[in-house]
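# Descriptive structure summary
Spelled out, the chains give:
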Amino acid sequence: MLPGRLCWVPLLLALGVGSGSGGGGDSRRRRLLAAKVNKHKPWIETSYHGVITENNDTVILDPPLVALDKDAPVPFAGEICAFKIHGQELPFEAVVLNKTSGEGRLRAKSPIDCEFQKEYTFIIQAYDCGAGPHETAWKKSHKAVVHIQVKDVNEFAPTFKEPAYKTVVTEGKIYDSILQVEAVDEDCSPQYSQICNYEIVTTDVPFAIDRNGNIRNTEKLSYDKQHQYEILVTAYDCGQKPAAQDTLVQVDVKPVCKPGWQDWTKRIEYQPGSGSMPLFPSIRLETCDGAVSSLQIVAELQTNYIGKGCDRETYSEKSLQKLCGASSGIIDLLPSPSAATNWTAGLRVDSSEMIFKFDGRQGAKIPDGIVPKNLTDQFTITMWMKHGPSPGVRAEKETILCNSDKTEMNRHHYALYVHNCRLVFLLRKDFDQADTFRPAEFHWKLDQICDKEWHYYVINVEFPVVTLYMDGATYEPYLVTNDWPIHPSHIAMQLTVGACWQGGEVTKPRFTQFFHGSLASLTIRPGKMESQKVISCLQACKEGLDINSLESLGQGIKYHFNPSQSVLVMEGEDIGNINRALQKVSYINSRQFPTAGVRRLKVSSKVQCFGEDVCISIPEVDAYVMVLQAIEPQITLQGTDHFWRPAAQFESARGVTLFPDLKIVSTFARTEAPRDMKTTAPKSEVLEEMLHNLDFCDILVIGGDLDPRQECLELNHSELHQRHLDATNSTAGYSIYGVGSMSRYEQVLHHIRYRNWHPASLEARRFRIKCSELNGRYTSNEFNLEVSVLHEDRVSDKEHVNHLIVQPPFLQSVHHPESRSSIQRSSVVPSIATVVIIISVCMLVFVVAMGVYRVRIAHQHFIQETEAAKESEMDWDDSALTITVNPMEKHAGPGHGEDETEGEEEEEAEEDMSSSSGSDDSEEEEEEEGTGRGRHGQSGARQAQLEWDDSTLPY
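In the annotation of an unreviewed UniProt entry, the entry for the protein reads Calsyntenin-2, and the organism field reads Callithrix jacchus. Quoted verbatim from the Function (unreviewed entry) field of UniProt, the annotation for the protein is "Postsynaptic adhesion molecule that binds to presynaptic neurexins to mediate synapse formation, and which is involved in learning and memory. Promotes synapse development by acting as a cell adhesion molecule at the postsynaptic membrane, which associates with neurexin-alpha at the presynaptic membrane." UniProt annotates the protein under Sequence similarities (unreviewed entry) with the comment "Belongs to the calsyntenin family."

### A look at the overall build of the protein
Scanning the protein for helices and strands turns up 14 helices and 57 strands. At a minimum sequence separation of 6, the contacts of the protein that also span at least 24 residues come to 71%. Put simply, the protein shows about 51,800 Å² of open surface, and 52% of that area lies on carbon and sulfur atoms.

### Re the nonpolar core
Grouped together as the largest cluster of nonpolar side chains are 56 residues, with contacts concentrated most on Leu 658, Phe 659, Ile 664, Leu 713, Ile 736, Leu 749 and Ile 752. Here this core gathers at least three residues from each of two domains, domain 4 (325-539) and domain 5 (634-670 + 686-790). Sequence-distant contacts of Ile 752, defined by excluding residues within four places in its chain, comprise Val 656, Thr 657, Leu 658, Phe 659, Ile 699, Leu 713, Glu 714, Leu 715, Tyr 734 and Ile 736. Ranked by size, the runner-up nonpolar core spans 42 residues in total, among them Ile 366, Met 385, Ile 400 and Tyr 457.

### Focus on the sheet that holds strand β34 (residues 479-483)
Spatial ordering of the open sheet is given by β25-β35-β27-β28-β29-β30-β34, a layout of seven strands whose pairing is antiparallel. Edge positions in the open sheet fall to β25 (364-366) and β34, since each of these has one partner strand only. Each neighbouring strand pair of the sheet contributes to a mean axis angle of 20°, computed without reference to strand direction. As paired strands, strand β29 (residues 422-427) and strand β30 (residues 438-445) are joined by five bridges and run antiparallel to one another. Residue pairing for β30: Phe 425 is matched across the bridge by Phe 442.

### Details of the state of the cysteines
Here the structure, examined in full by the defined rule, presents nine disulfides. Each sulfur in the disulfide pair Cys 402 and Cys 500 lies 2.0 Å from the other. In this pair, Cys 402 is assigned in strand β27 (residues 398-405) and Cys 500 in strand β36 (residues 500-502), connecting sequence segments 98 residues apart. Accessibility assignment for this pair places Cys 402 and Cys 500 in one class, buried.

### Regarding a nonpolar patch on the surface
On the surface, a cluster of nonpolar side chains totalling about 270 Å² of accessible area is made up of Trp 43, Val 66 and Leu 68. By the element assignment, Leu 68 lies in the loop between β2 (60-62) and β3 (80-86). Look at Leu 68 and you get partly exposed, because its relative accessible area is 47%.

### Thoughts on the packing of aromatic side chains
Overall, the coordinates contain 17 aromatic pairs when judged by the stated rule. Seen in terms of ring centroids, Phe 207 and Tyr 229 are 5.4 Å apart; in terms of plane orientation they differ by 75°. Their pairing is edge-to-face. Linking Phe 207 in strand β13 (residues 207-209) with Tyr 229 in strand β15 (residues 228-237), this pair joins segments that are 22 residues apart in sequence. Each member of the pair, Phe 207 as well as Tyr 229, carries the same accessibility label: buried. Connected via pairs of aromatic rings, a cluster forms that spans Phe 92, Tyr 120 and Phe 122. Its end group placed over the ring of Tyr 127, Lys 84 keeps NZ or CZ at 4.9 Å from the ring centre.

### Some details on the sheet that holds β13
Strand order in this open sheet of three strands is β10-β14-β13, and the pairing throughout is antiparallel. Each edge of the sheet is formed by a strand with only one pairing partner; in this case those strands are β10 (179-180) and β13. Sheet analysis places β13 next to strand β14 (residues 214-217), joined by three bridges and oriented antiparallel. Directly across from Ile 209, in β14, lies its bridge partner Ile 215.

### Quick notes on the environment of Ile 618
Topologically, Ile 618 is positioned in the loop between β43 (597-609) and β44 (621-627). A relative accessible area of 9% means that Ile 618 is categorised as buried. Between the C-alpha atoms of Ile 618 and Leu 285, which are 333 residues apart in sequence, the distance is 8.9 Å. Discounting residues that sit within four places of it in the chain, Ile 618 has contacts with Pro 259, Gly 260, Trp 261, Leu 285, Leu 295, Ser 605 and Val 607.

### What about the pattern of salt bridges?
Evaluation of the coordinates by the stated rule reveals 22 salt bridges. The partner of Asp 707 in a salt bridge is Arg 709, with the nearest N and O atoms 3.1 Å apart. With relative accessibility at 69%, the residue Arg 709 sits in the exposed group.

### Observations concerning unusual backbone geometry
In this model, Asp 62 is joined to Pro 63 through a cis peptide bond whose omega is -5°. Relative to the helices and strands, Pro 63 resides in the loop between β2 and β3. Across the junction of Phe 463 and Pro 464, the peptide omega takes the value 10°, indicating a cis bond. Structurally, Pro 464 can be placed in the loop between β31 (454-462) and β32 (465-470). With a phi angle near 55°, Asp 204 is a residue other than glycine that sits in the positive phi range. Note that Asp 204 resides in the loop between β12 (195-200) and β13. Given the relative accessible area of 79%, Asp 204 is considered exposed. In this structure, Asn 775 takes a positive phi of about 60° despite not being glycine. We classify Asn 775 as buried; its relative accessible area is 13%.

### Considerations on the pairing of β27
Taken across its eight residues, β27 has eight buried, putting it largely inside the fold. Taken together, the six bridges between β27 and strand β28 (residues 412-419) define a ladder with antiparallel strand orientation. Residue pairing across strands places Leu 401 opposite Leu 416, the latter belonging to β28. Connecting β27 to the antiparallel partner β28 that follows it, the hairpin turn spans six residues, and Glu 408 within it adopts a positive phi of roughly 70°. Sheet analysis places β27 next to strand β35 (residues 493-497), joined by five bridges and oriented antiparallel.

### A short note on the environment of Ser 328
Here Ser 328 is to be found in the loop between α4 (317-323) and β22 (331-332). Owing to a relative accessible area of 70%, Ser 328 belongs among the exposed residues under this scheme. When the C-alpha atoms of Ser 328 and Lys 528 are compared, they prove to be 9.2 Å apart, with 200 residues separating the residues in sequence.

### Things to note about the environment of Gly 102
The residue Gly 102 is located in the loop between β4 (92-98) and β5 (103-108) in this model. For Gly 102, a relative accessible area of 0% puts it in the buried group. For the pair formed by Gly 102 and Leu 65, sequence separation is 37 residues and the distance between their alpha carbons is 8.4 Å. If we skip the residues at most four places from it in the chain, Gly 102 touches Leu 65, Val 66, Ala 67, Ile 80 and Phe 83.

### Notes on a positive patch on the surface
Residues Lys 41, Lys 84, Lys 140 and Lys 143 make up a contiguous surface patch of positive charge. Within the secondary structure, Lys 143 is located in the loop between β6 (119-128) and β7 (144-151). In this structure Lys 143 comes out as exposed when scored by relative accessible area, which is 56%.

### Some details on helix α5 (residues 532-539)
All buried positions along α5 are accounted for by Val 534, Ile 535, Leu 538 and Gln 539. Buried residues along α5 cover an arc of 120° about the axis, so they all sit on one side. For α5, the secondary structure elements touched by its buried residues are α4, β26 (378-386), β31 and β32.

### Regarding the side chain of Arg 411
With respect to the helices, strands and loops of the structure, Arg 411 is situated in the loop between β27 and β28. Assessed through its relative accessible area of 13%, Arg 411 is described here as buried. Separated by 2.8 Å, the side chains of Arg 411 and Asp 405 make a polar contact. Ignoring sequence-local partners within four residues, the contact set of Arg 411 consists of Asn 403, Ser 404, Asp 405, Ile 486, His 487, Ser 489 and Ile 491.

Parameters and conventions
- Residues numbered from 1 in each chain as written.
- Predicted model: local features only at pLDDT ≥ 70, side-chain atom pairs only at ≥ 80, totals over all residues.
- Heavy atoms only, no water.
- UniProt positions renumbered as here; feature names shortened; annotations may be inferred.
- Helix = DSSP H or I, 4+ residues; strand = E, 2+ residues; numbered from the N terminus.
- Contact = heavy atoms within 4.5 Å.
- Areas by Shrake-Rupley, 256 points an atom, 1.4 Å probe, with all protein chains shown as cover.
- Core = buried A, V, L, I, M, F, W, Y, C linked by side-chain atoms within 4.5 Å.
- Buried < 20%, exposed > 50% of the residue type's maximum accessible area, 1.4 Å probe, protein only.
- Domains from an automatic or database assignment.
- Pairing = 2+ DSSP bridges.
- Axes fitted to C-alpha atoms, helices over the stretch in contact; angles between N-to-C directions.
- Disulfide = S-S within 2.5 Å.
- Patch = residues over 30% accessible without salt bridge, like charges linked within 9 Å, V, L, I, M, F, W, Y side chains within 5 Å.
- Salt bridge = Lys/Arg side-chain N within 4 Å of Asp/Glu carboxyl O.
- Phe/Tyr/Trp six-rings, centres within 6.5 Å; stacked < 30°, edge-to-face > 60°.
- Lys NZ or Arg CZ within 6 Å of the ring centre and 35° of its normal.
- Lys, Arg positive; Asp, Glu negative; His and termini not counted.
- Charge placed at Lys NZ, Arg CZ, Asp CG, Glu CD.
- Arc of directions from axis to C-beta.
- Polar contact = N/O pair within 3.5 Å; in protein donor to acceptor, adjacent residues only side chain to side chain.

Structure, rendered in structure tokens:
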């Protein structure tokens, strides 16, 4: 090739190519030369077809990419320098492999994705190298069309359109297709993008699937055998690549259509404090296409085995009466057993609800003075009673309450008893009250008396009219019998509960006419009748059925509650409206600490159909509400448990305040999970404060009852009335009762005072306080307090006792201004005689101390002068100096002039005078030491170098 090119050089020189002269002429001559040398255009095929595999850069063309030029073998003009592609943003490029032969290659500039574009079409042209090395005057070929097809790679696995499928089938049928699953593949070619097969992965299931994804059952399904099937299905593309993730198919088997309520749960959990909770949020009625014209639903909450018929407040009867606004004067005949109310101590009792159970063998005597003899013409008897049929063919009277002769005779003045499932009230007047034939026995016949359920009874007496209220409803007696008044006598009467006392006509007085059943909250209020409002409040339940959003029920729904809201009746014609109405029925319990346990819930339905068609029968819904256990509070009493007060304060009119800083705090433990979820640390318990009421606090005297002749506990009644509390006072202690907040009880307890008119013989008094919530269901700790008397002749012994009341630390305690004022009033104030004695003793000790001090100073000067004389005669070598110190002598520094050889008793007496005498003594010591330094400067310098070790000297 080189010789050929050299042959062209003389010719080019002869034509003047590259002479370098004549600028414009040279350009024209070069163009002429180029036109003579590069005569022909390159030539390529008119079209090309190519194939490229995705994710590859090599394009296989048919025919191959080759450009020809007739100017060959002329250099440059006969050579191919480039292939150019025409189009926007094409991912291809053409390169020249051999300029002389014109071979080229088409390749991808980046990986090609078939899923992005399957085919490409563009224009390509070939360019020669022009007339010379400067690539001028290029000539290009005609335009050729290139069509490239992208070959797919099976890179994607099939995926299902839904992650899970769900369907419902009826038992006992064979289906051609239960449901169809569908998968897709993102590959671009038909071979790899089409799904060719489906397969059930789960084994031993009665289902099959075809190539189109249709699932069918291979045998009849039974609801009793299995309610639900879960199967996994996979898919394959035509390249036999399986799906990346199987899909879950859930087949629910429902029984043959049976009319009834669907989508409800049998157990419904209720968390205390959660308010109104829907019972059936998703319930619906399945009618199996039955023609229903109207529907009546009765929802009943059965709570007769919870407490006294339902969940009610378990405070004492007195507290409940006050909460409901009843007038004062109520007398509780079945109170909690205590020192003051000990007549119920022998009865069987359920302490959680204060329910007394009578088995027909026991009764209780009410002490004299508890109930007045004359009840007047107006009084009220209230009680909770649970009673069943009487045993035996001819039942005897079962006495609930009886006031009879204590001895000699057997007359019943008034009584309340059950006889043959009839409630009878007997009231016989004395001759001094009435002297004519008057109503004496009032009979009521009610099914509830013997149904073994709890009912609330109120007997209002406005003689001669007697009215019975049972569960808030009024009942008049069906039979009233008259009798003569009782003849007056001086025989004492005995009031009993659970039986009647027979004091006469028998050999030995005894109980008779025993009661079989349960009683609670048996009270009597002389001289006052109870109002209908209070009666309704006392028997009201704290739990029941409710309806959320009454406005959304619609006009087509009628509903009705019974008084206790334990029964709800709803009626409607549209099944959809009935479903929505029942979904809004909820359970509510307004107690802060409800009674835990099960409440049965039944829903019965009555259907009416069009015409005379046979109506469907809907089974009852039998569910229950499980009320969970409430968080139990921990009630804590804290304060100063021991302090001293001078005797004069015990004798004062105000006395000694016992609990000025008492704090009542209730807490509960809450489990707190660790903040770092990755850690394995155990859960920690955190105490949190909670607020609730109290119903009584008892202050008991420890170590013997109070002697009313010389000591007592006092509390202003105004403190109680302002906070709506009551109290009883006795020699055994003080009892504060009534439903109130913990802060109210704190404020009242801060004002409890103890007085003693003769404290000379008293060393100390001990008290114990304990508080309760819900009539003893939750009780506090027992807080013990000891108050000691600070007698005048023992003031010096108690001088170092801190009489200030220390505020105890506690979680989230609440401060009240009463505490601060009480603390200030209770500080110890010594009497004048004690102060005079202390000052006299201090002055005497001070004079003695000054005399001893003077003797020590004189002795010290003598020692210093002797040592100075010896030092002036000789040069001391103090390297092995041994110093002997008089144990009766002490180095006197500034401010330390007291004689420490005196005993501890003198030091304590001098303590108050040391600050004043110390400064004077220091000045005198400085003067003496200054004189010594002036006479013995050298001796002072030597002495300063000595290090004295007086740690073991017996001062």
